Amino acid sequence: MTGPLTDAPARVLVVGEALVDVVPDASGQPRDHPGGSPANVAIALGRLDRDVRLVTLLGDDARGGAVRAWLEASGVTVLAGPTGTGRTSTAAVTLDASGAATYDFDLSWDLGPVPDEDCDVLHVGSIATVLEPGADAVLEAVRSQHGRAVVSLDPNARPAITPDRAGPVARVEELVALADVVKVSDEDLHWLHPDHDPVATATRWVGAGPGLVVVTRGSAGAVVVRRGGAVLEVPGVPVAVADTVGAGDTFSGVLLDALLDLGVRGPGGAAALQALPDRDVLGAVTTAAIGAAINVSRPGADPPWRAELTAALGGAGAGEG
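A. A look at the overall build of the protein chain. Counting its secondary structure elements, the protein chain contains ten helices and 13 strands. Here the C-alpha atoms of the protein chain give a radius of gyration of 18 Å, agreeing with the 20 Å that 2.2 N^0.38 yields for 321 residues. C-alpha extents for the protein chain along the principal axes are approximately 45 × 45 × 40 Å. Looking at the 321 residues of the protein chain, the share that counts as buried comes to 55%. Of the roughly 12,500 Å² of accessible surface on the protein chain, 54% is carried by carbon and sulfur atoms. Of the side chains in the protein chain, 22 bear a positive and 41 a negative charge, and the two mean positions are spaced by 3 Å.

B. Seen up close, the pairing of strand β7 (residues 101-106). In β7, alternate side chains face the same way, and those of A101, Y103 and F105 are buried while those of T102, D104 and D106 on the opposite face are not. In this structure, strand β6 (residues 90-95) lies alongside β7, joined through six bridges in antiparallel fashion. Across the sheet, the residue bridging to L95 is A101, located in β7. Taken together, β6 and the strand that follows it, β7, pair antiparallel across an intervening segment of five residues, in which G99 is found at a positive phi of about 90°.

C. How the structure looks around the sheet that holds β7. Read from one edge of the open sheet, four strands run β3-β2-β6-β7, paired in mixed fashion. The outermost strands of the open sheet, each flanked by one partner alone, are β3 (30-35) and β7. Neighbouring strand axes in the sheet, compared pairwise and without regard to direction, differ in orientation by 30° on average. Relative to β6, strand β2 (residues 19-24) runs parallel, the two being bridged by three bridges. Across the sheet, D21 pairs through a bridge with A91, a residue of β6. The sheet strands contacting helix α2 (residues 62-73) are β2, β3 and β6, and the helix crosses β3 at an angle near 50°.

D. Quick peek at the packing of helix α7 (residues 247-261) against helix α9 (residues 278-296). Where α7 contacts α9, the two axes come as close as 8 Å, and the packing angle between them is 145°. Considering how the two elements wind past one another, α7 and α9 form a crossing that is right-handed. Along its contact with α7, which presents A247, T250, F251, V254, L255, A258 and L259, the element α9 presents A284, V285, T287, A288, A289, G291, A292, N295 and V296. Its residues assigned to classes, the contact of α7 with α9 comprises twelve nonpolar, four polar and no charged.

E. Structural view of the environment of L192. Note on placement: L192 falls in helix α5 (residues 186-192). Sequence separation between L192 and A166 is 26 residues; the distance between their C-alpha atoms is 8.8 Å. Those residues in contact with L192 that lie beyond four places of it in its chain are P155, R165, V169, V172 and W205.

F. Local environment of the pattern of salt bridges. Under the counting rule described, the total for this entry stands at 24 salt bridges. Residue D261 is joined to R50 by a salt bridge in which the shortest nitrogen-to-oxygen separation is 2.9 Å. Taken together, the residues D261 in helix α7 and R50 in the loop between α1 (37-47) and β4 (51-58) connect sequence positions 211 residues apart. Judged by its relative accessible area of 15%, R50 is buried. Connected through salt bridges with shared partners, the residues E132, D136, E140, R143, R171 and E174 form a single ionic network.

G. Fine view of unusual backbone geometry. In this structure, the amide linkage connecting E132 to the following residue, P133, adopts the cis form with an omega of 5°. Here P133 is to be found in the loop between β8 (121-125) and α3 (134-145). Here the phi dihedral of D49 falls at roughly 70°; this positive angle occurs in a residue that is not glycine. Locating D49 in the fold gives a position in the loop between α1 and β4. Take D49: its relative accessible area is 61%, and that puts it in the exposed class. Positioned with a positive phi, N156 is a non-glycine residue whose angle comes to about 45°. When you line up the elements, N156 lands in the loop between β9 (150-154) and α4 (166-178).

Conventions we followed
Residues numbered from 1 in each chain as written. Predicted model: local features only at pLDDT ≥ 70, side-chain atom pairs only at ≥ 80, totals over all residues. Heavy atoms only, no water. Helix = DSSP H or I, 4+ residues; strand = E, 2+ residues; numbered from the N terminus. Rg over C-alpha atoms; globule rule 2.2 N^0.38 Å. Buried < 20%, exposed > 50% of the residue type's maximum accessible area, 1.4 Å probe, protein only. Areas by Shrake-Rupley, 256 points an atom, 1.4 Å probe, with all protein chains shown as cover. Lys, Arg positive; Asp, Glu negative; His and termini not counted. Charge placed at Lys NZ, Arg CZ, Asp CG, Glu CD. Pairing = 2+ DSSP bridges. Axes fitted to C-alpha atoms, helices over the stretch in contact; angles between N-to-C directions. Contact = heavy atoms within 4.5 Å. Left-handed = near helix turned anticlockwise from the far one by under 90°. Nonpolar A, V, L, I, M, F, W, Y, C, P; charged D, E, K, R; others polar. Salt bridge = Lys/Arg side-chain N within 4 Å of Asp/Glu carboxyl O.

See below:
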């Protein structure tokens, strides 16, 4: 998949939590894996050779050092302030028989104002968008970049952090109206709007602002809703699942990479997205699904590197992303 040439490499800014996933290994013993949904998105983009910066919080402890090293090893520039507790946040992961993950968090999010950095894409999501007091800083960053950069959102509902649905729903709806690209799982939509079909919610969201909403459905693939009413189906990618940690985040990162290849960036990004033919959108989402399948085939959040993704796309009969 190739797109228009641009004068300079695209710059991506990711804002959100970085933490340590404490995941049981094959013997059931807990093991630390650096993660956090926005951090995972940044890692995915860094491994695809994108110029990516992550605005986050890290504790002054061994876990914080490990998370920073993990991010930098994948080419992510880390812009981290200190956590209020001094500890790096954690998420204790429980896996069911299918490898699906649930989380128990020890996390604070007191992010200050986000630097007004020039970027072509801003990605936000997960806990960082709804947990106060830092959620307000994330919203202000989105407002600042709206119309200047392509705004990407992954709501990634976390009821363990925000059990009261009303506040998170209102904030997500506000962010959706400011976003250009939304990736959301069917499980997240069931929690946010339990009385509505996920695709119906995605269709309503497209009417509120985004040019593209992608509803992921795990092994069942994804549904793509475009402004103008087009609804497209992307089949699932068969894979032996180690666990699902980081699957949606990898999907988001690879999707943004593929859209950048198609010229969806900067002040003209929303118009460029709208002008894409369905074939190109389907190609981008299929590439994202293949990237997520690579991630779930191995433990923890472990997005593919560019060479791995290129090899998988060749095997799937797709073009280079």
